[in-house]
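Each chain, written out:
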Amino acid sequence: MSNFIYAAIVILPAAALGYLAYRAFKSRMNGVSTKKILKKNLLGFAVVLAITSTLMFSVSAAETADDGVSADTAAEEVQDAEETEETSSGDNSKGLGLLAAGLVTGLAGIGGGIAVAAGAPAAIAAASEDPKSFGRSLIFVALGESIALYGVVISILILNQL
């Protein structure tokens with residue numbers, strides 16, 4: 001049963017994100033503005049993320065609740081729990097660290113993409129009007145791209161702490 005639940009935790013978010021991409025493409029072909037599509041996709045991504053994290057935490061809580069302890073082995077379990085306390089907290093922190101690294105990289109990439117999407121057309125327009133402004137406009141585009149690089153650096157720092 002737990003294999004089915006783990007498969008659902010992986011497959012359902014992937015299917016939901018695929019559906020969001022499909023709806024975004026169809027909406028764009030029907031003439032809906034990009035800002036409305038982006039808002040709907042960000043909201044949908046947040047909902048999928050919340051549902052997936054809730055499912056993951058509830059499954060792990062249900063598995064730990066199913067591990068019943070009898071009265072005869074209670075003292076042995078306490079000793080084993082003290083010995084394995086560091087390893088279990090390490091496993092949880094590793095999983096949360098990986099989740100944090102993924103979120104940092106993804107959100108920084110989205111932010112960098114938004115910044116470049118706004119800055120690059122303005123840089124092209126400025127360079128077409130005055131070719132001397134090409135260097136300054138290139139700096140503004142590079143600043144937008146640096147947001148994504150900062151996210152990658154922070155995620156590398158998080159991964160090195162694990």
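Criteria and cut-off values
Residues numbered from 1 in each chain as written. Predicted model: local features only at pLDDT ≥ 70, side-chain atom pairs only at ≥ 80, totals over all residues. Heavy atoms only, no water. Helix = DSSP H or I, 4+ residues; strand = E, 2+ residues; numbered from the N terminus. Buried < 20%, exposed > 50% of the residue type's maximum accessible area, 1.4 Å probe, protein only. Contact = heavy atoms within 4.5 Å. Areas by Shrake-Rupley, 256 points an atom, 1.4 Å probe, with all protein chains shown as cover. Patch = residues over 30% accessible without salt bridge, like charges linked within 9 Å, V, L, I, M, F, W, Y side chains within 5 Å. Salt bridge = Lys/Arg side-chain N within 4 Å of Asp/Glu carboxyl O. Polar contact = N/O pair within 3.5 Å; in protein donor to acceptor, adjacent residues only side chain to side chain. Lys, Arg positive; Asp, Glu negative; His and termini not counted. Charge placed at Lys NZ, Arg CZ, Asp CG, Glu CD. Expected span 1.5 Å × (residues − 1). Bend = angle between axes of the 7 residues up to and from the residue. pLDDT = per-residue confidence, 0-100.

**A short note on the overall build of the protein chain**
Consideration 1: A count of helices and strands for the protein chain gives four helices and zero strands.
Consideration 2: Seen in sequence order, the protein chain has helices and strands lined up from the N terminus as α-α-α-α.
Consideration 3: When burial is assessed residue by residue, the protein chain has 14% of its 162 residues classed as buried.
Consideration 4: Once local pairs closer than 6 in sequence are excluded, the contacts in the protein chain between residues at least 24 apart make up 77%.
Consideration 5: Here the protein chain displays about 12000 Å² of accessible surface, and carbon together with sulfur accounts for 68% of that area.

**Concerning a nonpolar patch on the surface**
Consideration 1: Side chains of Leu17, Leu38, Leu42, Phe45, Leu49, Phe57, Leu96, Leu99, Leu103, Leu107, Ile110 and Ile114 sit close together on the surface and give an oily, nonpolar patch of about 980 Å² of accessible area.
Consideration 2: Only helix H2 (34-66) and helix H3 (74-129) provide two or more residues apiece to the nonpolar patch.
Consideration 3: Broken down by element, the residue count for the nonpolar patch peaks at six residues, all from H3.
Consideration 4: Structurally, Leu99 can be placed in helix H3.

**Quick notes on the environment of Ala122**
Consideration 1: Structurally, the position occupied by Ala122 is in helix H3.
Consideration 2: Under the relative-accessibility criterion, Ala122 is labelled partly exposed at 47%.
Consideration 3: For the pair Ala122 and Ser137, spaced 15 residues apart in the sequence, the C-alpha separation amounts to 8.0 Å.

**Remarks on the side chain of Ser27**
Consideration 1: Turning to its location among the elements, Ser27 is positioned in helix H1 (residues 2-29).
Consideration 2: Residue class for Ser27 comes out buried when judged on its relative accessible area of 15%.
Consideration 3: From its side chain, Ser27 meets the backbone oxygen of Arg23 in a polar contact 2.8 Å long.

**A closer look at a positive patch on the surface**
Consideration 1: A cluster of basic side chains, namely Arg23, Lys26, Lys35, Lys36, Lys39 and Lys40, defines a positive patch on the protein surface.
Consideration 2: Secondary structure elements with two or more residues in the positive patch: H1 and H2.
Consideration 3: If you tally residues by element for the positive patch, the top one is H2, at four residues.
Consideration 4: Tracing the backbone shows Arg23 in helix H1.

**Observations regarding the side chain of Ser155**
Consideration 1: With respect to the helices, strands and loops of the structure, Ser155 is situated in helix H4 (residues 134-161).
Consideration 2: A polar contact of 2.8 Å, which involves the side chain of Ser155, links it to the backbone oxygen of Val152.
Consideration 3: Not counting residues within four places of it along the chain, the set of residues in contact with Ser155 comprises Ala101, Val104 and Thr105.

**Concerning the environment of Ala117**
Consideration 1: Relative to the assigned elements, Ala117 resides in helix H3.
Consideration 2: Residue Ala117 is classed as exposed on the basis of its relative accessible area, which comes to 55%.
Consideration 3: The spatial distance from the C-alpha of Ala117 to the C-alpha of Val141 is 9.0 Å, given a sequence separation of 24 residues.

**Remarks on H4**
Consideration 1: In this model, H4 (28 residues) spans 41 Å end to end at C-alpha, consistent with the 40 Å of a helix rising 1.5 Å per residue.
Consideration 2: A maximum bend of about 25° is found in H4 at Glu145.
Consideration 3: Listed as buried for H4 are Ser137, Val141, Gly144, Ser146, Gly151 and Ser155.

**Observations concerning the confidence of the model for the protein chain**
Consideration 1: Of the residues in the protein chain, 80% have a pLDDT of 70 or more, and the chain-wide mean is 79.
Consideration 2: The least confident element of the protein chain is H3, whose mean pLDDT is 76; the most confident is H4, at 89.

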